[in-house]
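Structure at a glance
Below, each chain spelled out in residue letters.
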Amino acid sequence: MLLENERAALCGTGRKLVENGLVTGASGNISVRSGELVAVTPGGVMLDRMSPADCPVVTMDGRLADGGRAPSSETPMHLAVYGAGDAAAIVHTHSTYGTVVASTMAELPPIHYNILLLGGSVKVAEYATYGTEELAANVRAALAGGRRAALMANHGGVALGGDLDEAYENARLLEWLCGVYVRARMIGEPAVLTPEQLAQVIERGLTPPEWPPV
């Protein structure tokens with residue numbers, strides 16, 4: 001079985017996403033890249049009920065290389081992101097606070113300095129129907145400048161990593177940041193950090209993926 005370890009890792013991450021409320025039902029998808037092959041979660045399957053054999057493997061041009069199930073409908077988005085940068089894993093969620101922000105704002109501002117770990121303010125990709133090349137292009141544009149996360153208008157969020165653990169933790173961080181912002185708005189107008197304040201954090205040793213973003 002091609003990419004057996006990677007496919008097993010997808011199943012473990014899928015269970016964690018469900019347990020932590022980052023996805024519900026069969027929503028959301030995950031992938032891991034190894035060279036010119038990508039293991040991805042299948043379409044229409046609960047992420048906490050997958051087996052490694054359920055997870056198909058595709059080539060970078062989208063051809064099925066191994067597996068009996070159809071890959072996630074969002075596979076074009078995953079492949080577009082891999083083709084544009086150095087990510088080795090992608091986690092796409094339909095988390096509650098991320099979707100709230102993605103449905104109301106053009107970007108998530110720096111409400112907390114840990115947003116630097118995602119590359120700075122998180123952009124909201126323009127809306128397009130799920131599974132389309134248009135959505136794939138919009139997400140890729142929102143991730144420009146070395147960003148490790150983006151939101152998808154009226155849809156959810158996507159997080160990248162050098163491995164699956166990092167992508168998962170970035171997805172958790174994105175949801176936490178969105179949750180802080182939404183709760184802050186319930187009390188008043190949130191204060192956001194200035195570029196100078198963020199630069200001081202970097203001077204203290206926090207290293208963003210790429211700064212400043214282009």
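Please refer to the structure placed before this passage.
This one's a predicted model, so the numbers in the text were calculated from it and none came from an experiment. (Residues numbered from 1 in each chain as written. Predicted model: local features only at pLDDT ≥ 70, side-chain atom pairs only at ≥ 80, totals over all residues. Heavy atoms only, no water.)

Another aspect to go through is the environment of Gly 98. Take Gly 98: it is sitting in helix 3 (residues 96–102). Each C-alpha atom of the pair Gly 98 and Gly 156 lies 5.9 Å from the other, and the pair is 58 residues apart in sequence. Not counting chain neighbours up to four residues away, the residues in contact with Gly 98 comprise Leu 151, Glu 175 and Cys 178. (Helix = DSSP H or I, 4+ residues; strand = E, 2+ residues; numbered from the N terminus. Contact = heavy atoms within 4.5 Å.)

Right, let's talk about unusual backbone geometry for a bit. Its identity is not glycine, yet Leu 3 carries a phi of approximately 50°, on the positive side. Here Leu 3 is to be found in the segment before helix 1 (4–19). Judged by relative accessible area, Leu 3 falls into the buried class, the value being 14%. In this model, Asn 154 sits at a positive phi of 55°, which is unusual for a non-glycine residue. Examined against the element boundaries, Asn 154 turns out to sit in the loop between strand 8 (149–152) and strand 9 (156–161). (Buried < 20%, exposed > 50% of the residue type's maximum accessible area, 1.4 Å probe, protein only.)

So, on to the packing of helix 2 (residues 75–84) against helix 4 (residues 133–142). Direction vectors running N to C along helix 2 and helix 4 enclose 40°, while the axes themselves pass 8 Å from each other. Helix-helix and strand crossings are classified by hand; for helix 2 and helix 4 the assignment is right-handed. Where helix 2 abuts helix 4, its residues Pro 76, Met 77, Ala 80, Val 81 and Ala 84 lie against Glu 133, Ala 136, Val 139 and Arg 140. Its residues assigned to classes, the contact of helix 2 with helix 4 shows 7 nonpolar, no polar and 2 charged. (Axes fitted to C-alpha atoms, helices over the stretch in contact; angles between N-to-C directions. Left-handed = near helix turned anticlockwise from the far one by under 90°. Nonpolar A, V, L, I, M, F, W, Y, C, P; charged D, E, K, R; others polar.)

Our next topic: the pattern of salt bridges. Using the criterion set out here, one finds 8 salt bridges in the structure. Across the pair Arg 7 and Asp 66 runs a salt bridge whose closest N-O atoms are separated by 2.8 Å. Of this pair, Arg 7 sits in helix 1 while Asp 66 sits in strand 4 (residues 64–66), and the two are 59 residues apart along the sequence. Looking at Arg 7, the relative accessible area reads 1%, which means it is buried. (Salt bridge = Lys/Arg side-chain N within 4 Å of Asp/Glu carboxyl O.)

A distance of 2.8 Å separates the side chain of Arg 7 from the side chain of Asp 66, its partner in a polar contact. Apart from the residues lying within four places of it in its own chain, the contact partners of Arg 7 are Met 1, Leu 2, Ala 39, Pro 52, Ala 53, Cys 55, Pro 56, Val 57, Asp 66 and Gly 67. (Polar contact = N/O pair within 3.5 Å; in protein donor to acceptor, adjacent residues only side chain to side chain.)

A word on the side chain of Glu 74. The topology assignment puts Glu 74 in the loop between strand 4 and helix 2. Here Glu 74 occupies a buried position and makes no salt bridge, while the nearest side chain of opposite charge, Arg 140, is found at 13 Å. (Lys, Arg positive; Asp, Glu negative; His and termini not counted.)

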